[in-house]
Amino acid sequence: MTDPYASQRRVLGALLEAHPHLIGTDELTARLADVPRVREALKVLIEDGLATKLGERVGVSRPVVRYRALGPV
């Protein structure tokens, strides 16, 4: 059974790793060359409010950064 959210997790992880910097969508795709459908996963994360996009640059949203800072629930 494959994990339907695996690509989204990898994309979000890469954005968290880059934080506080925004990275280009092409750079993100290159970093995650082994991940299928990076752009589609990114689109879902943006729609869900977990990632933000400014032009062609993307990053994690403030709520994600705050949640991560709070630690495990």
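In short, a report on the structure. (Residues numbered from 1 in each chain as written. Predicted model: local features only at pLDDT ≥ 70, side-chain atom pairs only at ≥ 80, totals over all residues. Heavy atoms only, no water.)

## Description of the sheet that holds strand 2 (residues 51-54)
Two orientations exist for strands paired in a sheet by backbone hydrogen bonds: parallel and antiparallel.
No. 1: Across the sheet, three strands lie side by side as 1-3-2; this open sheet has antiparallel pairing. Across the chains shown, the open sheet's two edge strands, defined by having one partner strand only, are strand 1 (23-24) and strand 2.
No. 2: Note that strand 2 and strand 3 (residues 57-60) share four bridges and pair antiparallel. For Thr52, the partnering residue across the bridge sits in strand 3 and is Gly59. (Pairing = 2+ DSSP bridges. Helix = DSSP H or I, 4+ residues; strand = E, 2+ residues; numbered from the N terminus.)

## Here's the deal with the side chain of Gln8
No. 1: Within the element layout of this structure, Gln8 appears in helix 1 (residues 6-18).
No. 2: Of the residues examined, Gln8 reaches a relative accessible area of 18% and is grouped as buried.
No. 3: Those residues in contact with Gln8 that sit more than four places away from it in its chain are Ala41, Val44 and Leu45. (Buried < 20%, exposed > 50% of the residue type's maximum accessible area, 1.4 Å probe, protein only. Contact = heavy atoms within 4.5 Å.)

## Some points on the pattern of salt bridges
No. 1: By the definition in use, this model includes five salt bridges.
No. 2: One salt bridge connects Arg9 with Asp3, and the closest N-O pair in it is separated by 2.4 Å.
No. 3: What makes Asp3 partly exposed here is its relative accessible area of 39%.
No. 4: Arg10 serves as the salt-bridge partner of Asp34, at 3.3 Å between the closest nitrogen and oxygen. (Salt bridge = Lys/Arg side-chain N within 4 Å of Asp/Glu carboxyl O.)

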